[in-house]
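Analysis of the macromolecular model
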Amino acid sequence: MKAKTLFLLCLVAAPVLAQQPPAVAPAARTPTPEEVAFSRLPADLRRMLGHMTAPQALQTIRHSQENLRALGIPQPTHQQLRTNLEFVLTGPFGPVPSYSAGAAPFPPLSPLVPPPAR
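First, a word on what this report is: a plain description of the structure on this page. (Residues numbered from 1 in each chain as written. Predicted model: local features only at pLDDT ≥ 70, side-chain atom pairs only at ≥ 80, totals over all residues. Heavy atoms only, no water.)

As a further point, take the pattern of salt bridges. Pairs can form between side chains of opposite charge once their charged atoms are near each other. In total, this model carries three salt bridges according to the counting rule given. In this structure, Arg82 and Glu86 form a salt bridge, with 2.5 Å as the shortest nitrogen-oxygen distance. Placement of both Arg82 and Glu86 in helix H5 (residues 78-90) is noted, with a separation of four residues, approximately one turn of the helix. A residue is classified by how much of its surface remains accessible, and Arg82, at 24% relative accessible area, is partly exposed. Glu86 gets classed as partly exposed once you look at its relative accessible area, which sits at 35%. Here the salt bridges do not stand alone but share partners, grouping Asp44, Arg82 and Glu86 into one network. (Salt bridge = Lys/Arg side-chain N within 4 Å of Asp/Glu carboxyl O. Helix = DSSP H or I, 4+ residues; strand = E, 2+ residues; numbered from the N terminus. Buried < 20%, exposed > 50% of the residue type's maximum accessible area, 1.4 Å probe, protein only.)

Right, dumping it as structure tokens:
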């Protein structure tokens, strides 16, 4: 009988003790400098880079800024940075905008190729 009572007491006590808050609160983790810099980014850029870690996101932004500097835009506007960042994230194989030469179903013939014989 005593063994059965002790067993039931252990079954009841374990969940009760598990619900007690710890006596010592865990130390608050201080954010890294990258996390602080990432949190200061505009909301739309944070949303675009949300799937990355903070260091990866900042490296991607630096890469995008270097691309803009190479294109001759040392002080890009927010829209230019956002557009270039989209290109960096999608890569060269992303969606390509369509530029039509007109309503013709075929592309225009090259001036280097002679017209077909009739």
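Core analysis: the largest hydrophobic core is formed by twelve residues, namely Phe38, Leu41, Leu45, Met48, Leu49, Ala54, Ala57, Leu58, Ile61, Leu68, Leu81 and Leu85. A total of five residues in this core trace back to one element, the largest contributor, which is helix H4 (residues 54-70). Ignoring sequence-local partners within four residues, the contact set of Leu45 consists of His78, Leu81, Arg82 and Leu85. (Core = buried A, V, L, I, M, F, W, Y, C linked by side-chain atoms within 4.5 Å. Contact = heavy atoms within 4.5 Å.)

Attention now goes to H5. Its 13 residues give H5 an end-to-end C-alpha distance of 18 Å, which sits within 8% of 18 Å, the value for a rise of 1.5 Å per residue. Burial in H5 covers these residues: Leu81, Asn84 and Leu85. One side of H5 carries all its buried residues, which in axial view fall inside an arc of 105°. Looking at the buried residues of H5, the elements they touch are helix H3 (43-48) and H4. Directly beyond the C-terminal end of H5, a positive phi value near 80° is found at Gly91. (Expected span 1.5 Å × (residues − 1). Arc of directions from axis to C-beta.)

The analysis is restricted to geometry; functional conclusions fall outside its scope.
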